[in-house]
Amino acid sequence: MRTLISGGTIVNADGSVEADVLVDGHTIAAVGRLTATTDGLGGSGESGLAGQVDRRIDASGKYVIPGAIDVHTHMELPFGGTAAKDTFETGTLAAAFGGTTTILDFAVQPRGGSLRAGLDAWHAKAEGNCAIDYGFHMIMSDVNEQTLAEMDQLVAEGVTDFKLFTAYPGVFFSDDGAIFRAMKQTAKNGGLIMMHAENGLAIDVVAAETHAAGKTDPYYHGVVRYPIFEGEATNRVIRLAEAAGVPVYIVHLSARDALNEVRAARDRGANAFAETCPQYLFLSLDDLGNGFEGAKYVCSPPLRPKDHWDDLWKGLVKDDLQVVSTDHCPFDFEGQKELGRGDFRKVPNGLPGVEDRVDLLHDGGVVGGPLTKERWVELVSAAPARLFGLAGRKGVIAAGADADIVVYDPNRRHTISASTHHMNVDYSCYEGREVQGGSDVVLSRGKVIIENGEYVGQKGDGRFLKRTPSEFLS
Ligand code: URP
Ligand code: ZN
Ligand code: ZN
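These numbers were taken from a predicted model, which means no experiment stands behind them. (Residues numbered from 1 in each chain as written. Chains lettered and ligands numbered in written order. Predicted model: local features only at pLDDT ≥ 70, side-chain atom pairs only at ≥ 80, totals over all residues. Heavy atoms only, no water.)

Draft legend 1. Layout of the coordination of the zinc ion (ligand 3). Only His72 (NE2), His74 (NE2) and Asp327 (OD) from the protein coordinate the zinc ion (ligand 3), and they sit 2.0 to 2.1 Å from it. Each donor residue of the zinc ion (ligand 3) lies on the same chain, and together they follow the pattern H-x1-H-x252-D. Taken as a pair, the zinc ion (ligand 3) and the zinc ion (ligand 2) show a spacing of 3.9 Å. Taken together, the residues His72 in strand E8 (residues 68-73) and Asp327 in the loop between strand E17 (323-324) and helix H11 (357-367) connect sequence positions 255 residues apart. The pair His72 / Asp327 is uniform in exposure class, with both members buried. (Donors = N, O, S within 2.8 Å, 3.2 Å for Na, K, Ca; no water. Helix = DSSP H or I, 4+ residues; strand = E, 2+ residues; numbered from the N terminus. Buried < 20%, exposed > 50% of the residue type's maximum accessible area, 1.4 Å probe, protein only.)

As structure tokens, then:
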């Protein structure tokens, strides 16, 4: 199957050009002025230099961008006494509608169990169900001789990153010794350490005091998790990573306190990276107010006061933050978030977002903010590919890359709403927000999967991605 995408503006992280894209099978065969004919005449069934094509897509007036990569999702994550509502089927479908053609999800080591058991369980959930390509990171909550040895095997299988937590005592929490051991092992096996950096032990002290004082609403979730607790933990894990000689990636960075630590580390040459998420750029502590409605906005780290926004945007511009992911972890308001009525500590932590990231960042970053369209592509696609071992295959429109392509209309406006989104969750954090920009046509490895507002792919089209260690690490 040969597809010609013509007339659009190709936007890559390193520049934009008006050119055509020829897709042959699963990959991009050529990029350039392909519709001009050598004799100026062309011919029926032909597309000039592109030769015979089976299908043409007119991208005039549109951007042609590499499919976006969301390196932080939690499909079907058991958490907070329930489980994230999107399955791999519903979550990857929603991602595709939003222009995301790859997700990296977090497999979870079962408590007291092996990494292998966790990884096998995640393969079983995803295989045959995904609309787009997918890979895994591994959440480690129990560092011991066995799991340390298993880490090397996982890297060899293309699961090259390990997430550890200084938060959630009694659930995913690891102490500094365990974190340091995992870091030292990863320094040897070529992988990457991902850190949820909040001081969970200190947070629990403040949370218990606050709840005991009768302050039980979701708003207090945002109050007790001080920004300084995120800054402290971020500094600590980066320092530990420096001591271990391993690259470290701070996930879902929300506060200027943490950003300052990442910037300082990078300035002194540390191999430290960080992502933020749309919720920390567009939502704030104010959203956690409004009584129990605020439960819709409970995630960790929490939404911060609005004055953190500007710092995060500057961080994105200056490359102190390299990636925007979603931390997609949706729970219904009814029946799931409600588990925390009367106790903010029991609201399941997590927000939906996999479908909205590309458009929110285009609207708030490119149309109405400080990002160039190239930096936008870098943050949602190119940098994730480079950092997570997909360089050359994903995150770029170039000959030889996988044909994960989005024909993106930078002018189309739409209103985000739970009544129209495809995520399997009963509310939207951005209900009623109008955004400019939308994915018109989405190709996954050469196959059109979204067009005319419809899904035209097949469940199971998505393949597992065996990844290589990150390009940024050498
Ligand atoms: O609130 C969040 N972030 N839920 C998902 C789990 C995590 O910590 O990433
Ligand atoms: Zn986390
Ligand atoms: Zn997460």
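Draft legend 2. Structural detail: the coordination of the zinc ion (ligand 2). The protein atoms that coordinate the zinc ion (ligand 2) are Lys163 (NZ), His196 (ND1) and His252 (NE2), at distances spanning 2.1 to 2.3 Å. Sequence positions of the donors to the zinc ion (ligand 2) reduce to the motif K-x32-H-x55-H.

Draft legend 3. Highlighting the domain arrangement of the protein. For the protein, the assigned domains are domain 1 (2-64 + 403-410 + 437-455) and domain 2 (67-387). Of note, the centres of domain 1 and domain 2, computed from C-alpha atoms alone, are 34 Å apart. At the interface, 23 residues of domain 1 touch 20 residues of domain 2. Roughly 1700 Å² is buried in total at the junction of domain 1 and domain 2, and carbon and sulfur atoms are behind 62% of that figure. On inspection of domain 1 and its partner domain 2, the count reaches one salt bridge. Notably, a salt bridge pairs Arg445 with Asp133, separated by 2.8 Å at the nearest N-O pair. One can count four residue pairs in polar contact (both at pLDDT 80 or more) joining domain 1 with domain 2. Every element with two or more residues in the side of domain 1 that touches domain 2 is listed here: strand E2 (9-12), strand E3 (15-18), strand E18 (405-415), strand E19 (434-444), strand E20 (447-451) and strand E21 (454-455). At six residues, E19 tops the list of elements feeding residues into the side of domain 1 that touches domain 2. Class assignment of the residues belonging to the side of domain 1 that touches domain 2 gives a composition of 12 nonpolar, eight polar and three charged. (Domains from an automatic or database assignment. Contact = heavy atoms within 4.5 Å. Buried area = accessible area lost by both parts, 1.4 Å probe. Salt bridge = Lys/Arg side-chain N within 4 Å of Asp/Glu carboxyl O. Polar contact = N/O pair within 3.5 Å; in protein donor to acceptor, adjacent residues only side chain to side chain. Nonpolar A, V, L, I, M, F, W, Y, C, P; charged D, E, K, R; others polar.)

Draft legend 4. Up close: the pairing of strand E14 (residues 192-196). Burial within E14 is extensive, with five of its five residues counted as buried. Direction of pairing for strand E13 (residues 161-165) relative to E14: parallel, over a ladder of five bridges. Bridge pairing in E14 places Phe162 opposite Ile193. At this point the chain moves from E13, through helix H4 (residues 176-189), to the parallel E14, and the crossover so formed is right-handed. (Pairing = 2+ DSSP bridges. Right-handed = clockwise from strand over helix to strand, strands pointing away.)

Draft legend 5. Local environment of the site of ligand 1. Around ligand 1, the surrounding shell holds 14 residues, and the nearest of these are Lys163, Tyr168, Ser300, Asp327 and Asn349. Interatomic distance of 2.8 Å between a side-chain N/O atom of Tyr168 and an oxygen atom of ligand 1. A distance of 3.1 Å is found between an oxygen atom of ligand 1 and a side-chain nitrogen or oxygen belonging to His196. Burial of ligand 1 by the protein amounts to 99% of the accessible area it has alone, namely 270 Å². Across the shell around ligand 1, the residue classes tally to five nonpolar, seven polar and two charged. (Near = heavy atom within 4 Å. Areas by Shrake-Rupley, 256 points an atom, 1.4 Å probe, with all protein chains shown as cover.)

Draft legend 6. Molecular detail of the packing of helix H2 (residues 115-126) against helix H3 (residues 145-156). Interaxial distance between H2 and H3 falls to 9 Å at its minimum, and their mutual angle equals 40 degrees. In terms of axis orientation, H2 runs oblique to H3. Taking contact as the criterion, the partners of Leu115, Arg116 and Leu119 in H2 are, on H3, Thr147, Glu150, Met151, Gln153 and Leu154. (Axes fitted to C-alpha atoms, helices over the stretch in contact; angles between N-to-C directions. Parallel < 35°, antiparallel > 145°, perpendicular 65-115°, else oblique.)

Draft legend 7. Structural detail: unusual backbone geometry. The amide bond that connects Ser300 to the next residue, Pro301, takes the cis arrangement and shows omega of -10 degrees. Along the polypeptide, Pro301 turns up in the loop between helix H9 (278-282) and helix H10 (309-318). A positive phi angle is found at Glu76, which is not glycine, with a value near 55 degrees. Mapping Glu76 onto the fold places it in the loop between E8 and strand E9 (78-79). Positive phi, normally seen in glycine, also occurs at Asn290, with a value near 65 degrees. Looking at the element boundaries, Asn290 is found in the loop between H9 and H10.

Draft legend 8. Main features of the sheet that holds E3. Strand order in the open sheet formed by seven strands is E3-E2-E7-E18-E19-E20-E21, with mixed pairing between adjacent strands. The sheet is open, and its two edges are formed by E3 and E21, each paired on a single side. Pairing geometry for E2 and strand E7 (residues 63-66), over two bridges, is parallel. Of the residues in E7, the one forming a bridge with Thr9 is Tyr63. Against the sheet, helix H12 (residues 373-387) touches E2, E3, E7 and E18, its axis set at about 30 degrees to E7.

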